[in-house]
Amino acid sequence: MSDFVSVTRDGRIAVVTIDNPPVNALSFHVREPLMQALVSLRDEPDVAAIVIACAGRTFVAGADITEFGKPVQQPDLRAIIAVLETIAKPTVAAIHGTALGGGLELALGCHFRAADTGAKLGLPEVKLGLLPGGGGTVRLPRLVGALKALSMIVSGTPIGAAEALAAGLVDAVFEDGLTAQAVRFASEMVGRGGPFTPVRDRDGRLDRAELPEFDRQAAELVKKARGLEAPIACAQSVRNAITLPFDEALAAERELFVKLVAGDQSRAQRHLFFAEREAAKVGAKDIVRRKIARVGVIGAGTMGGGIAMAFANGGFPVTLLETTQEALERGLATIEKNYAVSVARGSLSEDAKRLRLGLFKGSTDYGDLADCDLIVEAVFEEMAVKREVFGRLDAVAKPGAILATNTSYLDVNEIATSTSRPQDVVGMHFFSPANVMKLLEIVRAEKTAPDALATIVELARRIGKVPVVVGVCHGFVGNRMLAARGSESEALLLEGATPQQIDQVFTDFGWPMGPFQMGDLAGLDIGWRNRKARGQTAIIADTLCEQGHFGQKTGSGFYRYENGSRTPAPNPEVETLIRDKAAEKGIAPRTIGAEEIIERTLYPMINEGAKILEEKIAARASDIDVVWVNGYGFPVGKGGPMFWAGLEGIDKIIGRLDHWHERTGKDVFKQAPLLRQMAETGSWEGAAS
Ligand code: T1G
């Protein structure tokens, strides 16, 4: 056949094996020989049944995403499935690893699906700003019902083999020897005799009476879409499966797919798919990573506790160190409470909770860190404290142990000088809550050894984090750009905008919340302490903090939070404070539009991103996008700040930065030379090279 598709025979059963590493994507060079194989086996009289299986670590993980946006080469997936459904003899998909997107759609083209116990099945296209384009929205509801299909397709979250069996998505689950079992299953079907009904003709699970409940659930799901088109298209297409004849629904799915695949949102989300994988490529492939078996965490406060949970969730035994027994018990109690909340929500089983808690060992003795391969410090954000801790760590940690600091601002090079082994020191900047937030900024200090860095990057993926390596500067990538984004927020308030207005511009843009609501959630005192440490001021926020208004945790900040609620209400005192401070500065309030708010907040942020690339604090513009989408809620449909800059138009951004620089004289608007180069070369990579 071809290098990518081979056919073997087991008696009268033909086994078609796809072999296209690393994830058996349905690239053109797979589709063509696959089509040929299916056509010839369909017409081969002594072939009684066909099994489709895959070599390597997974079944087909989807269409080849790298082919999107290019002219489609025939046969496409729909043509292959159309042929599959003309095959009268039983066809069985043998699923191991993942059957995702076009991979599951291919399997839905078969009469039967057999999976091994570890298999995961799903249609995650929505995460790429798409909907299933190979009939998944029309065939899946025919097997699992419209409501199950709706939640699977709008969430994009795969389900396990056991759940797939219970839902009617797969017909058999096997512990091991999958292909042989699938061949046996196919023989049994041959024995039982046809006719074998293609999924397209199975309408039994489609029930119009479900429509009211379907619409209610769909409305709930798309409410969270925040401007993303794909979730809405997914819900509409599954609904069509109930209300339209098969071929009409299939055609409607195609129309939606063609529209989305050409759109900016899907381009942005596909950019992020590859950007996350690029960001994790650090150091030579063959670099020997250090062995990490046990992890130590110093500090059981909010950050330390969350970091310890992140490692325990990844299956690592954790030694949690605190200065006093009382502080240790408080920290462990919070961890137990957090797990109990997950059990109560049904996102964690009681067994899993017990297993994870069993991985913790509490201590107040630095000596107990001597058997740790990695030690992460999460103590008070002050240089003297950090240096004292690393000095003690240097004395107890075993040779080759990696010493990591969770600082979010401080100079990791300086921290490293408090040890005799700066080559083993690295920054691991987790985001709060550390057991939930995906992003991990990994700070490469001047002397950090390449194997230590590569070890931490790989470890990050093992505990479900999205790693991005950054250099040492104040605030690294995320917080440094956050400062640039916030630098004009106060000026905008004094000149006439309100916190609500600015936050509305951000939520309209697609952010979960705006800077003032975010400040109130995180606690205004964090920024206040940092500004004081740097001799900087923010007249409104500082005044609020001096008055003890730190945001949600004090019931008042830029907004009011009545009776402990998390719902922000306008705070008239803040409006008065802003007016008074403006008057003191002789600033007359004026009407400020959304466009100006975007120009004075997001454009400086992109400008700062360009400076970060110039200084090689980030290796790629796409790394900056991964930081912002996974750590600061930048809308995925816009691809991250540097990708969005391309959509917004670099010339426009340069023009408006110049305008505001002339008008305010502020450095934050002084354009970075790389912006101009980006405008000339059309890409950040081109500009940086
Ligand atoms: N197409 C092209 N390349 C892919 C790919 C794909 N579908 N999936 C993975 N890769 C590359 C990836 O870039 C990386 O490359 C390498 O494979 C290993 O991936 C018509 C429209 C399967 C769970 O969304 O979720 O079908 O960096 O590092 O952590 O309806 O890959 O090594 O050069 O992620 O073990 C739908 C996407 C497509 C699934 C494995 N399918 N893939 O995770 O490895 S749209 C998806 C994944 C579609 C149809 C539609 C994961 C994985 P490199 P990796 P992993």
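Residues numbered from 1 in each chain as written. Predicted model: local features only at pLDDT ≥ 70, side-chain atom pairs only at ≥ 80, totals over all residues. Heavy atoms only, no water.

A.B. asks: Residue-level account of the pattern of salt bridges, with values.
C.D. replies: In total, this model carries 44 salt bridges according to the counting rule given. In this structure, the salt-bridge partner of Glu220 is Lys223, at a minimum N-O distance of 3.0 Å. Note that Glu220 and Lys223 are positioned in helix α8 (residues 211–223) at a spacing of three residues, about one turn of the helix. Assessed through its relative accessible area of 38%, Glu220 is described here as partly exposed. For Lys223, a relative accessible area of 61% corresponds to the exposed category. (Salt bridge = Lys/Arg side-chain N within 4 Å of Asp/Glu carboxyl O. Helix = DSSP H or I, 4+ residues; strand = E, 2+ residues; numbered from the N terminus. Buried < 20%, exposed > 50% of the residue type's maximum accessible area, 1.4 Å probe, protein only.)

A.B. asks: Go over the sheet that holds strand β3 (residues 49–54) with me, naming the residues and quoting the values.
C.D. replies: Two modes of strand pairing occur in sheets, parallel and antiparallel, and in both the strands are linked by backbone hydrogen bonds. Spatially, six strands are ordered β1-β2-β3-β4-β6-β9 in an open sheet, and the strand pairing comes out mixed. If you trace the sheet from one side to the other, it starts and ends with β1 (5–10) and β9 (172–174), each paired once. Here the strands of the sheet are splayed against their neighbours by 25° on average, with no regard to which way each runs. Bridge analysis of strand β4 (residues 91–95) against strand β6 (residues 112–116) gives four bridges, and the strand direction is parallel. Pairing of Ala93 across the sheet is with Arg113, part of β6. (Pairing = 2+ DSSP bridges. Axes fitted to C-alpha atoms, helices over the stretch in contact; angles between N-to-C directions.)

A.B. asks: How would you summarise the environment of Ala172 if you had to cite specific residues and measurements?
C.D. replies: Mapped onto the fold, Ala172 is located in strand β9. Taking the C-alpha atoms as reference, Ala172 lies 59 Å from Glu388; in sequence the two are 216 residues apart. Setting aside chain neighbours within four positions, we find Ala172 in contact with Arg113, Ala114, Ala115, Leu165 and Phe185. (Contact = heavy atoms within 4.5 Å.)

A.B. asks: Would you mind going over the sheet that holds strand β5 (residues 98–100) in detail, with residue names and values included?
C.D. replies: Taken together, three strands build an open sheet; the order of strands is β5-β7-β8 and the sheet is mixed. Across the chains shown, the open sheet's two edge strands, defined by having one partner strand only, are β5 and β8 (159–160). Of the pairings in the sheet, the one linking β5 to strand β7 (residues 120–122) comprises three bridges and is parallel in character. Paired with Thr98 across the strands is Lys120, a residue of β7.

A.B. asks: Just give me the short version of the pairing of strand β11 (residues 318–321), but keep the residues and values in it.
C.D. replies: Side chains Val318 and Leu320 project from β11 onto one buried face, and the interleaved Thr319 and Leu321 project onto a second face that is buried too. For strand β10 (residues 295–298) and β11, the ladder comprises four bridges, and the chain directions are parallel. Among the inter-strand pairings, Val295 is bridged to a residue of β11, identified as Val318. Considered for its hand, the β-α-β crossover made up of β10, helix α12 (residues 302–313) and β11 is right-handed. With four bridges joining them, β11 and strand β12 (residues 360–363) adopt parallel strand pairing. Bridged to Leu321 within β12 is Ser363. (Right-handed = clockwise from strand over helix to strand, strands pointing away.)

A.B. asks: Which residues make up the nonpolar core, and what values do they have?
C.D. replies: Counting 93 residues, the largest nonpolar core has Val477, Phe558, Ile624, Trp628 and Trp684 as the members making the most contacts within it. Once residues lying within four places of it in the same chain are set aside, the contact partners of Trp628 are Val477, Gly478, Met481, Leu482, Arg485, Trp511, Met605, Gly633, Phe634 and Pro641. Counting residues in each nonpolar core, the second largest holds 69 residues, with Ile52, Cys54, Leu108 and Leu260 among its members. (Core = buried A, V, L, I, M, F, W, Y, C linked by side-chain atoms within 4.5 Å.)

A.B. asks: Can you lay out the packing of helix α22 (residues 524–534) against helix α23 (residues 539–546) for me, pointing to particular residues and giving the numbers?
C.D. replies: Relative orientation of the contacting elements α22 and α23 amounts to 110°, with a least axis distance of 10 Å. Between α22 and α23, the crossing angle belongs to the class labelled roughly perpendicular. For the crossing formed where α22 meets α23, the hand is left-handed. Between α22, through Leu524, Asp525, Trp528 and Arg531, and α23, the contact on the second element is made entirely by Ala541, Asp542, Leu544, Cys545 and Glu546. The residue inventory of the contact of α22 with α23, partitioned by class, reads five nonpolar, no polar and four charged. (Parallel < 35°, antiparallel > 145°, perpendicular 65-115°, else oblique. Left-handed = near helix turned anticlockwise from the far one by under 90°. Nonpolar A, V, L, I, M, F, W, Y, C, P; charged D, E, K, R; others polar.)

A.B. asks: Describe in detail helix α13 (residues 325–345), supporting the description with residues and values.
C.D. replies: One full turn of an α-helix is made of 3.6 residues, so residues set three or four places apart face in the same direction. A rise of 1.5 Å per residue sets the reference length of α13, with its 21 residues, at 30 Å; its end C-alpha atoms lie 30 Å apart and thus fit the reference within 8%. Every buried residue of α13 is listed here: Ala327, Leu328, Gly331, Ile335, Tyr339, Ser342 and Val343. When α13 is viewed along its axis, its buried side chains cluster within an angular range of 165° and face the same direction. Seen from the buried face of α13, the exposed residues on the opposite side, beyond 90 degrees, are Glu326, Lys337, Ala344 and Arg345. Looking at the buried residues of α13, the elements they touch are α12, β11, α14 (350–357) and β12. In the stretch just after α13, Gly346 is the one whose phi turns positive, near 85°. (Expected span 1.5 Å × (residues − 1). Arc of directions from axis to C-beta.)

A.B. asks: Before we move on, can you summarise the pairing of β4 with the specific residues and values?
C.D. replies: β4 sits mainly inside the fold: five of its five residues count as buried. By the alternation rule, side chains of β4 split into Thr91, Ala93 and Ile95 and Val92 and Ala94, which are all buried. Examined bridge by bridge, β3 and β4 share three bridges and lie parallel to one another. Bridge assignment links Val51 to a residue of β4, and that residue is Val92. Note that the unit made of β3, helix α2 (residues 77–84) and β4 has a crossover that is right-handed.

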